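Take a look at the letters that make up each chain.
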Amino acid sequence: MDTGTHIVMGVALGGLATLDPNVQSNPTLFHAVLVGTVVGSHAPDFDTIFKLKSNATYIRQHRGASHSLPAILMWSLLVSGVIYLFVPEVSYLTLWLWTLLAVSIHVFVDLFNAYGTQAFRPFTKKWIAKGFINTFDPYIFFLNVAGIVAWALGANPGYTWLIIYTVIVLYYIKRYMDKREIVQKIKEYFPDTEIVATSPTLKQNYWRVAITTSDRYYVGSVENRHIEIVDEFYRVPLPDTDVIKAAIKDKNISSFLNFSPVYRWEINTDEEDIIEVRFIDLRYRSKGYYPFVAVVKLDKSLEVITSYTGWIFSEQKLQSKLIPSDSSP
């Protein structure tokens, strides 16, 4: 989920904590728990610091180790431990348990959008992306905001959040059922479907889909349960060539391939014998463009001249990112 949603969910958990008699009867503990749930609800996304290094590092690391099972424990101990340094008179166990719940819920809700997480590391590095909740879902966000307003106006925070989160759980179930119906319709239309990657949008009735069949990729949308295919590509495996071997060694390309399960690739050579290898993620088509790409340019000796991976919304912008510099590999 987005940062704003994680933060309001942290406030919600702080309110829900008032159902705990220990928290309800101790104002100091309540404030410590509230800080713990708010910070803990955002803590796994502190990995955005990797953006300072490079896009490749960020894409490889974001929602990876920072959202893993060991990291959940680490973040909860770190956040609650720092808070406890300032208020050692409160119950550390209570503070830690509510902080642990906040961190766990952050990782849990991130499983349901199209980006996903590697939440089950170290047991598996598989990306889990259920794809039925948008990264920013206005219903979830504004239900939480409504709860904060009701709390500020004097409503009982514990029971207020209990009601709101019951509604949110039902909403998750409804969105899961929506996705299941979409997948079933697609499989009826394409009996040899292997994978359906869904990306919900801000519109409840509009979804983006990338379909993998035995021999093709189909890209399209589903609106009001009507499937529209807008692009079709043959599934062509990566060739075992020196060019591809050189390309996938590049850090930007390897980060892309580590993250993207549904992509197409192309190789082009210009008049100066510069070889461009491009990988295009098919899950995020928007306004006729595929914005998530990885590109590497190689010289005749197959040495990397420049490369890039990330979100780009025009070819002109992409080419500007590929201008070689002294820091290029």
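Residues numbered from 1 in each chain as written. Predicted model: local features only at pLDDT ≥ 70, side-chain atom pairs only at ≥ 80, totals over all residues. Heavy atoms only, no water.

## Observations concerning the overall build of the protein chain
Helix and strand counts for the protein chain come out as 11 helices and 8 strands. Seen through its C-alpha atoms, the protein chain measures out along the principal axes to roughly 75 × 50 × 35 Å. Classification of the 329 residues of the protein chain by burial places 49% in the buried group. Here the analysis covers contacts within the protein chain between residues at least 6 apart in sequence; of these, 52% occur between residues at least 24 apart. (Helix = DSSP H or I, 4+ residues; strand = E, 2+ residues; numbered from the N terminus. Buried < 20%, exposed > 50% of the residue type's maximum accessible area, 1.4 Å probe, protein only. Contact = heavy atoms within 4.5 Å.)

## Considering the pairing of strand β7 (residues 292-298)
Remember that side chains alternate between the two faces of the sheet whenever the strand is regular. In terms of burial, β7 is a largely internal element, 7 of the 7 residues being buried. A two-sided burial pattern is seen for β7, the buried positions comprising F292, A294, V296 and L298 on one face and V293, V295 and K297 on the other. Where strand β6 (residues 275-281) meets β7, 6 bridges bridge the pair, whose relative direction is antiparallel. Pairing of E276 across the sheet is with K297, part of β7. (Pairing = 2+ DSSP bridges.)

## Some points on the packing of aromatic side chains
Two aromatic rings are characterised by how far apart their centres lie and by the angle between their planes. Tallied over the entire structure, the rule returns 25 aromatic pairs. Residues F112 and F132 carry aromatic rings whose centres are separated by 5.2 Å and whose planes lie at 50 degrees to one another, so their mutual orientation is tilted. Of this pair, F112 sits in the loop between α6 (92-110) and α7 (138-152) while F132 sits in the loop between α6 and α7, placing them 20 residues apart in sequence. Given a relative accessible area of 12%, F112 falls into the buried group. Taking the centre distance of 6.0 Å and the plane angle of 80 degrees together, the rings of Y115 and W127 count as edge-to-face. (Phe/Tyr/Trp six-rings, centres within 6.5 Å; stacked < 30°, edge-to-face > 60°.)

## Some words on the sheet that holds strand β2 (residues 206-213)
Backbone-to-backbone hydrogen bonds join strands into a sheet, with any given pair of strands oriented parallel or antiparallel. Reading across the sheet, the 4 strands line up as β1-β2-β3-β4 and stay open at both edges, with antiparallel pairing between neighbours. Looking at strand neighbours, the two that pair on one side only are β1 (193-200) and β4 (226-234), the edges of this open sheet. Taking the axes of each pair of neighbouring strands and ignoring which way they run, one obtains an average angle of 20 degrees across the sheet. Sheet topology note: the β1/β2 ladder contains 7 bridges and is antiparallel. Across the sheet, the residue bridging to T193 is T213, located in β2. Contacting β1, β2, β3 (216-223) and β4, helix α8 (residues 157-189) runs over the sheet at an angle of about 45 degrees to β2. (Axes fitted to C-alpha atoms, helices over the stretch in contact; angles between N-to-C directions.)

## A short note on the domain arrangement of the protein chain
In terms of domain boundaries, the protein chain breaks down into domain 1 (3-174), domain 2 (192-234) and domain 3 (242-322). With 12 residues of domain 1 at the contact, the number on the domain 2 side is 7 residues. Looking only at domain 1, the three residues that lose the most surface to domain 2 are A114, G131 and N134, adding up to 48% of its buried area. For the interface between domain 1 and domain 2, the tally reads 0 salt bridges. Counting the contacts that link domain 1 with domain 2 gives 3 residue pairs in polar contact (both at pLDDT 80 or more). (Domains from an automatic or database assignment. Buried area = accessible area lost by both parts, 1.4 Å probe. Salt bridge = Lys/Arg side-chain N within 4 Å of Asp/Glu carboxyl O. Polar contact = N/O pair within 3.5 Å; in protein donor to acceptor, adjacent residues only side chain to side chain.)

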